[in-house]
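Commentary on secondary and tertiary structure
Here is how the chains run, residue by residue.
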Amino acid sequence: MNPTDILKFIGIPVAVATGIMLLSWWVLASKRLQPLGATIAVGVACLTAFILQDGVPAFPPTEKWHWLIITIMLVSILACIYPLWKKWDELIVLQAMIAGLIGAIFMQFPSQDEIIDRFVVFILILFACIGLRRFTIPPWHMFLASWMILASLSILALQASFAKLAFFAGAMSAVAAALCVLQLVNPRETKSVQMIFGVFIVGCALCGIAYDPTHHVPILAWFLPIICIPISAIAYFLCKGKCRAVLSLVIITFFVVGAVSWAIVAAPPTVEMWP
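Residues numbered from 1 in each chain as written. Predicted model: local features only at pLDDT ≥ 70, side-chain atom pairs only at ≥ 80, totals over all residues. Heavy atoms only, no water.

1. What to know about the side chain of His66
Within the fold, His66 resides in the loop between helix H2 (34-54) and helix H3 (67-81). When its relative accessible area of 5% is taken as the criterion, His66 is described as buried. Residues within four places of His66 in sequence aside, it is in contact with Phe50, Asp54 and Pro61. (Helix = DSSP H or I, 4+ residues; strand = E, 2+ residues; numbered from the N terminus. Buried < 20%, exposed > 50% of the residue type's maximum accessible area, 1.4 Å probe, protein only. Contact = heavy atoms within 4.5 Å.)

2. Some remarks on a nonpolar patch on the surface
The grouping of Leu91, Val93, Leu94 and Met97 at the surface amounts to a nonpolar patch, some 310 Å² of accessible area in total. Of note, Met97 is situated in helix H4 (residues 92-106). Note on Met97: relative accessible area 38%, which makes it partly exposed. (Patch = residues over 30% accessible without salt bridge, like charges linked within 9 Å, V, L, I, M, F, W, Y side chains within 5 Å. Areas by Shrake-Rupley, 256 points an atom, 1.4 Å probe, with all protein chains shown as cover. Salt bridge = Lys/Arg side-chain N within 4 Å of Asp/Glu carboxyl O.)

3. Quick word on unusual backbone geometry
A cis amide bond, omega -5°, links Phe59 with the succeeding residue Pro60. Summarising the element assignment, Pro60 is placed in the loop between H2 and H3. Not every positive phi belongs to a glycine, and Ser192 is a case in point at roughly 85°. Tracing the chain through its elements places Ser192 in the loop between helix H7 (163-185) and helix H8 (193-210). A positive phi angle is found at His215, which is not glycine, with a value near 55°.

4. Focus: the environment of Leu47
Tracing the backbone through its elements, the reader meets Leu47 in helix H2. With 23 residues separating them in the primary sequence, Leu47 and Ile70 have C-alpha atoms 9.2 Å apart. With residues near it in sequence (within four places) discarded, Leu47 still touches Pro57, Ile69 and Met73.

5. With respect to the packing of helix H5 (residues 115-132) against H8
The interhelical angle for the contact between H5 and H8, taken along N-to-C directions, is 135°, at an axis separation of 8 Å. In this view, H5 runs oblique relative to H8, as classed from their interaxial angle. With respect to the hand of their crossing, H5 and H8 are arranged in right-handed fashion. Contacts from Val121, Leu124, Ile125, Ala128, Cys129 and Leu132 in H5 reach Gln194, Met195, Phe197, Gly198, Val199, Ile201, Val202 and Leu206 in H8. (Axes fitted to C-alpha atoms, helices over the stretch in contact; angles between N-to-C directions. Parallel < 35°, antiparallel > 145°, perpendicular 65-115°, else oblique. Left-handed = near helix turned anticlockwise from the far one by under 90°.)

6. A closer look at the packing of aromatic side chains
Under the defined criterion, the tally for this structure stands at 11 aromatic pairs. Ring geometry for Phe143 and Phe197: centres 6.1 Å apart, planes at 80°, overall edge-to-face. A residue pair is termed long-range when its members are at least 10 positions apart, and Phe143 in helix H6 (residues 139-159) and Phe197 in helix H8 qualify at 54 residues. The buried category is assigned to Phe143, whose relative accessible area is 1%. A ring pair is formed by Phe168 and Phe200, whose centres lie 4.9 Å apart and whose planes are at 80°; its orientation type is edge-to-face. In this pair, Phe168 is assigned in helix H7 and Phe200 in helix H8, connecting sequence segments 32 residues apart. (Phe/Tyr/Trp six-rings, centres within 6.5 Å; stacked < 30°, edge-to-face > 60°.)

7. As for helix H10 (residues 244-266)
Between its first and last C-alpha atoms H10 spans 33 Å; for 23 residues at 1.5 Å apiece the expected length is 33 Å, and the two agree. Residues of H10 that are buried in the fold lie against H6 and helix H9 (219-238). (Expected span 1.5 Å × (residues − 1).)

8. Here's the deal with the environment of Trp25
By the element assignment, Trp25 lies in helix H1 (residues 3-27). Look at Trp25 and you get partly exposed, because its relative accessible area is 23%. In this structure the C-alpha to C-alpha distance between Trp25 and Arg188, which are 163 residues apart in sequence, comes to 8.5 Å.

Now the structure itself:
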């Protein structure tokens with residue numbers, strides 16, 4: 001991963017997301033429209049990151065994993081519409097169910113075509129979207145959690161020799177980190193943007209599993225970053241002290257570090273070729 005690739009595949013999406021978010025502070029000043037800033041920033045940055053990797057997505061996609069960006073774009077469009085409808089922006093569970101249904105229908109990965117696979121996609125997205133941000137969880141926490149989880153998935157993709165997915169997840173991890181900083185600098189309403197991150201996280205994990213047939217990364221290691229989302233959310237909800245955000249993030253750190261460590265330890269030994 002040379003500096004030029006990092007600047008291109010990660011720096012540009014971060015710059016796009018940051019620019020859109022900063023512009024939204026001025027253009028979308030009303031509290032009602034504030035959520036559109038983060039949603040548009042994440043959606044456009046995600047599309048930008050994909051285009052830098054594989055060009056403008058075709059429809060239908062030429063490769064199965066390209067359905068991931070189609071799914072994310074559909075969820076992003078809906079996430080932009082929700083804040084405009086009175087009360088819809090508060091129906092987090094319903095939004096998560098819709099995102100899960102879209103993911104179950106449109107995501108297409110090799111060896112994941114059975115009905116049970118579709119049901120698993122729905123359940124994973126449902127819990128990921130709800131867990132990333134309940135009403136009591138602040139937006140900065142959601143961005144920080146997404147940063148850590150996507151960073152771990154990027155490393156797992158590298159271990160699985162899926163460079164495109166590694167850059168894709170790495171770019172969105174950096175976007176989440178940038179938006180976390182901006183959220184701390186200028187707190188804004190960010191309803192519905194967690195739906196995009198939830199779908200992206202689940203999609204990256206399932207994509208990594210599908211394109212790692214030799215299991216260089218243990219299958220369960222791909223699921224650990226997803227599993228930690230509802231567990232950390234439950235811990236945040238049950239803990240009433242001032243340290244509940246720290247406890248929640250510690251749980252996420254434990255799971256993502258565990259996933260990465262497991263993948264590194266389980267990696268097959270490198271065979272050295274002597275002349």
